[in-house]
Amino acid sequence: MYTIRQEELFSLQELMEMAPENKYSIVFKTLDLLPALRVLNKRTHRGRPEELNYAAMVYAMLIGTIERIPTTKDLLKRLRTNEEFRRTCRFRGSDAIPSEASFSRLYTKLADSVCWELQRQVISLAAAAGFVSPSFISFDSTHVEAEERQPRKEQEVESKAESNEQPVLEMEHSPSTSAKRLEDPRKKYKRGAPTKAEAERRRLEREAWEASLPLFERKLEDMLPYTFEQLKPLIPIHPSTSSKKGSNGKLMWWHGYKLHILADSKGHYILSALFSSAHVNDGRLAIPLLKKFQTDFPDWKVKHALADAGYDVMAVYKQVRSLGAWPLIDYNERAKKPPEGLNENFHPVCQEGHSYVYDSFDAKNKSLKFTRPQECKACPLEKSGRCQRVYKIKVEKDLRRFTVPARGSKSYKKIYKKRTTVERIFAYLKGYYGLGASRKRGKRAEVDAALSVLSYTLCQYAVDCMRQKQQKQAA
């Protein structure tokens, strides 16, 4: 008698290996192109009649992404030489094959957040079907290389200077849009301790200089009062140069962009995504990313938000708490020694140096409960009454140090393992959906990334639908 071990009834790999006609009929079954056609089609019936089949062109771009066709030129060659591929892309027999310039104009029209709207629509369908469980979300970023020559240092400095000339948003605590950027006053300060009058003058100069900076160069706390609609136009999306440490510990440089995603750790869906230049800090983009998720799905309740040490900034913790979730972000050690009375995981330490053990979380008082370790049972201080049995620490005292559950505990490690969902999604996007590099610039490069995200989401939703159908048949 054989033992059958069956983990999944239907997988993403099986979908990719299916015949094209069957595969794309399943993938595009639930895709509604009405939001895209409203932008692409003519608004009036006057003038020259429209000859292009925009719906088929969008299908062709998505199929080109899934089939890993790198350029528009190769996609057009496939459309002209393969009749079966034309039918798969929904082109009718009377439709003319679009030119490369027509696809270029289509990219320009799609740059108006059309692909992100289609992505939000598919996520809503997946949530209605029960495939999305946003109790645990995780967010991270990955590099996207630009397939253009890296500019010289002089040209890069000029492009950064142009990007810094961004409008300053008008709010009660911000300067008017007519304010010009001032020179950094710290460059002209002399060495030595200043007098009280000089220190006050320098403080006023620094405050005036910080107020003249664009929003994306100020402190992260200054971004919290703004909405996503106000922050989105200020995100730079020109190609730039940046670096990061890889998994092997070596420094890696690239010229291009970054894709920031917020994913469902259980259903492996991309709930929110943003595209930016490579030099933008991850923690800075986490705030508009979380605001975008809150704007798109305001009724969804989140328990925990997971991220790596690159997001260990107090402003990110505050933004996660505004969602009603508890942040579990890997601690970025900035001090060599832990605070007095705490260990490296910020657990209380007794007088003999033994760490207290995390017990539970009091949701009513929002405090962590720590109990004495086993070593304290035989401690002479316990009999004298000088050994405290229970410690309770308010989480709001310091969101970075005190998490729910406490750092270093078994429950913390178990929940934090769910963060690897983002890494798997990035592996799928780069291995199957052509996210690794882009031949476009600016907003067109953002359309490339949005098509990769949308293609992945459509395939994931199709796999879940097929898996649910087979489970019902097996039952």
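Remember, predicted model here, so these are calculated numbers, not experimental data.

**Q** Just give me the short version of the overall build of the chain, but keep the residues and values in it.
**A** The number of helices and strands found in the chain is 17 helices and ten strands. Across the 475 residues of the chain, 46% fall into the buried class. Excluding contacts between residues fewer than 6 apart, the proportion of contacts in the chain whose partners are at least 24 apart in sequence is 68%. Split by element, the accessible area of the chain, about 26,800 Å² in all, is 48% carbon and sulfur.

**Q** Break down the environment of Asp362 for me, with residues and values.
**A** Relative to the helices and strands, Asp362 is located in strand E7 (residues 357-362). Residues Asp362 and Lys392, spaced 30 residues apart in sequence, show a C-alpha to C-alpha distance of 9.1 Å. At a separation of 3.2 Å, a polar atom in the side chain of Asp362 contacts the main-chain amide nitrogen of Lys364.

**Q** With reference to specific residues and values, describe the pairing of strand E6 (residues 326-329).
**A** Where a strand is regular, its side chains alternate between the two sheet faces. Alternating positions in E6 separate into two faces, Trp326 and Leu328 on one and Pro327 and Ile329 on the other, with burial throughout. Relative to E6, strand E5 (residues 304-307) runs parallel, the two sharing four bridges. Note on E6: the bridge partner recorded for Ala305 is Pro327. What joins E5 to E6 is helix H13 (residues 314-322), and the crossover it makes is right-handed.

**Q** An account of the packing of aromatic side chains is requested, with residue identities and associated values reported.
**A** Under the definition given, this model contains 17 aromatic pairs. Consider the rings of Phe28 and Tyr59, whose centres lie 5.0 Å apart with planes at 55 degrees: the pair is tilted. In this pair, Phe28 is assigned in the loop between helix H2 (20-27) and helix H3 (34-40) and Tyr59 in helix H4 (residues 54-66), connecting sequence segments 31 residues apart. Here Phe28 and Tyr59 have matching classes, each one buried. By the ring-pair criterion, three or more aromatic residues cluster together here, those being Tyr428, Tyr432, Tyr433 and Tyr456. Above the plane of the ring of Phe85 lies Arg78, whose end atom (NZ or CZ) is 4.5 Å from the centre. The lysine or arginine in question, Lys418, covers the ring of Phe136, its NZ or CZ lying 5.2 Å from the ring centre.

**Q** An account of the nonpolar core is needed here, citing residue identities and associated values.
**A** In terms of nonpolar packing, the biggest core is built from 121 residues, with Phe28, Phe139, Leu259 and Leu429 touching the most fellow members. Counting residues per element, this core draws most heavily on helix H17 (residues 443-474), at 13 residues. Non-local contacts of Leu429, meaning those with residues more than four positions away in its chain, are made with Leu259, Ile270, Gly434, Leu435, Ser452, Val453 and Tyr456. Counting five residues, the second largest nonpolar core, distinct from the first, contains Leu306, Leu328, Tyr412 and Tyr416.

**Q** Provide a residue-level description of H13, including the pertinent values.
**A** Working note: α-helix, 3.6 residues per turn, so residues spaced by three or four point in the same direction. The complete set of buried residues in H13 reads Ala315, Val316, Tyr317, Gln319, Val320 and Arg321. Buried positions along H13 lie against strand E1 (136-146), helix H12 (282-296), E5 and E6.

Reading guide: rules and limits
Residues numbered from 1 in each chain as written. Predicted model: local features only at pLDDT ≥ 70, side-chain atom pairs only at ≥ 80, totals over all residues. Heavy atoms only, no water. Helix = DSSP H or I, 4+ residues; strand = E, 2+ residues; numbered from the N terminus. Buried < 20%, exposed > 50% of the residue type's maximum accessible area, 1.4 Å probe, protein only. Contact = heavy atoms within 4.5 Å. Areas by Shrake-Rupley, 256 points an atom, 1.4 Å probe, with all protein chains shown as cover. Polar contact = N/O pair within 3.5 Å; in protein donor to acceptor, adjacent residues only side chain to side chain. Pairing = 2+ DSSP bridges. Right-handed = clockwise from strand over helix to strand, strands pointing away. Phe/Tyr/Trp six-rings, centres within 6.5 Å; stacked < 30°, edge-to-face > 60°. Lys NZ or Arg CZ within 6 Å of the ring centre and 35° of its normal. Core = buried A, V, L, I, M, F, W, Y, C linked by side-chain atoms within 4.5 Å.

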